[in-house]
Structures are given as structure tokens and as C-alpha cells.
Amino acid sequence: YTTLFRSCIRKMIRSKYFTLQYLNKGIASFPYQHTDNVDRPQRIPKTYAKKNTIGGNGHENATLLRLLPLIIGDRIPEDDEAWTVLMDLKEIVELVLSPKSTEESIQYLQTKIQDHRQILNRQNSHDHGWLLSSYLTPYLQPHDSEFGLW
């Protein structure tokens, strides 16, 4: 999902909602606590667009995705397509990383993935939704674990 994450960040920067410097300042100064402090996101490198990555590991990027509305959400119009894609992705990642799932939550996750794919298809984006749903298919079963799926 980091390629999609990078693409959305890039679109919002190009739309001049914020600068990379502003985003990185928000990442660096956010008051992380508990596990968020352990999985503190890294600043996004200036070369993120050329290198096709925002850097960081999976835990750090999941933390950044989850906290992004608190870091920059007030600068983004609610109807911005890149923001909508990111917020859908955020919800999907939170559902996948949930320590417990039920048949209902899995059905909701499948619906969110289908909705996410439709948004991406309307934007003529690479079909990241297909990649996401293909990757997650083996995990779409109820679970109850202190570590979630991972």
C-alpha cells in the first residue's frame, strides 16, 4: 500500500494543500504516545517521488496513515479524491491489523476493498485495489489473536 500512499501524498502536495516540509514538521512534532512512540513514523525523504517510496517500515507507515488526519487533515478539503482514497486505505489497514475479527467485520472489509477499487478505477489509477484484495484474500477469515493477523 505504500505506493498508493506515496501517490496520494504527492497529489496533495501538488494541489498545494501542504508542503513536504510542513508534513515532515508535523510528523516530527506530533506528540506520539505508547506504541505510536515505538512505531514513530519517519520523515518522508525529499526523494520520495523519484524513489517511489515514502520510506519507513510497515509499522511506521501504518502509524503515519492512522495519524495523518490529525497531522494534516485540517488542510485537506473533504471531497479531495486523494484524501478519500487515503482515508479508505486507512480504514482497510485498521481492519486488517485489528486484533480480532468477525464474519461481519470481514464482510465489511471486503465491501471497503471493493469500494476502494471502484474509486481507484474512476481515477484511472493502477489497480492497487486488486493487489490489496488479492494479497488479503487468504486472511479474510475470523481471528482472535493478541497479535492480529501479523
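Shown above is the structure to which this text applies.
In this text, all values refer to a predicted model and were calculated from it rather than measured experimentally. (Residues numbered from 1 in each chain as written. Predicted model: local features only at pLDDT ≥ 70, side-chain atom pairs only at ≥ 80, totals over all residues. Heavy atoms only, no water.)

Overview of the nonpolar core
Okay, so step 1: Grouped together as the largest cluster of nonpolar side chains are 30 residues, with contacts concentrated most on Ile 9, Met 12, Leu 23, Leu 68, Ile 71 and Leu 86.
Okay, so step 2: Residue assignment for this core shows that the elements contributing at least two residues are helix H1 (2-14), helix H2 (20-29), helix H5 (58-72) and helix H6 (81-96).
Okay, so step 3: The element best represented in this core is H5, accounting for 7 residues.
Okay, so step 4: Look past the residues within four positions of Ile 71 in its chain and what remains in contact with it is Tyr 22, Leu 23, Gly 26, Ile 27, Phe 30, Tyr 32 and Leu 64. (Core = buried A, V, L, I, M, F, W, Y, C linked by side-chain atoms within 4.5 Å. Buried < 20%, exposed > 50% of the residue type's maximum accessible area, 1.4 Å probe, protein only. Helix = DSSP H or I, 4+ residues; strand = E, 2+ residues; numbered from the N terminus. Contact = heavy atoms within 4.5 Å.)

Considerations on the packing of aromatic side chains
Okay, so step 1: All told, the structure shown has 1 aromatic pair when counted by the stated rule.
Okay, so step 2: Ring geometry for Phe 30 against Tyr 32: centres 5.0 Å apart, planes inclined by 55°, an arrangement best described as tilted.
Okay, so step 3: Judged by relative accessible area, which is 7%, Tyr 32 ranks as buried.
Okay, so step 4: Across the ring face of Tyr 22, the terminal group of Arg 75 is positioned such that the distance to the ring centre comes to 4.0 Å. (Phe/Tyr/Trp six-rings, centres within 6.5 Å; stacked < 30°, edge-to-face > 60°. Lys NZ or Arg CZ within 6 Å of the ring centre and 35° of its normal.)

Here's the deal with the environment of Ala 28
Okay, so step 1: Secondary-structure assignment places Ala 28 in helix H2.
Okay, so step 2: By relative accessible area, Ala 28 is classed as partly exposed at 33%.
Okay, so step 3: Between the C-alpha atom of Ala 28 and that of Pro 41, which follows or precedes it by 13 residues, the distance is 8.2 Å.
Okay, so step 4: Discounting residues that sit within four places of it in the chain, Ala 28 has contacts with Arg 40 and Arg 43.

A few points about H2
Okay, so step 1: Within the sequence span of H2, burial applies to Leu 20, Leu 23, Asn 24, Gly 26 and Ile 27. The buried residues of H2 occupy an angular sector of 160° when the element is viewed end-on, so they sit on one face. Facing away from the buried side of H2 by more than 90 degrees, the exposed set consists of Gln 21, Lys 25 and Ser 29.
Okay, so step 2: Residues of H2 that are buried sit in contact with H1, helix H4 (48-51) and H5. (Arc of directions from axis to C-beta.)

So, the packing of H1 against H6
Okay, so step 1: Direction vectors running N to C along H1 and H6 enclose 150°, while the axes themselves pass 9 Å from each other. With respect to H6, the axis of H1 lies roughly antiparallel. Relative to H6, H1 is oriented so that their crossing is left-handed. Side by side, H1 and H6 meet where Leu 4, Phe 5, Cys 8, Ile 9, Lys 11 and Met 12 of the first sit next to Ala 82, Trp 83, Val 85, Leu 86 and Leu 89 of the second.
Okay, so step 2: Of the residues assigned to the contact of H1 with H6, the class counts are 10 nonpolar, no polar and 1 charged. (Axes fitted to C-alpha atoms, helices over the stretch in contact; angles between N-to-C directions. Parallel < 35°, antiparallel > 145°, perpendicular 65-115°, else oblique. Left-handed = near helix turned anticlockwise from the far one by under 90°. Nonpolar A, V, L, I, M, F, W, Y, C, P; charged D, E, K, R; others polar.)

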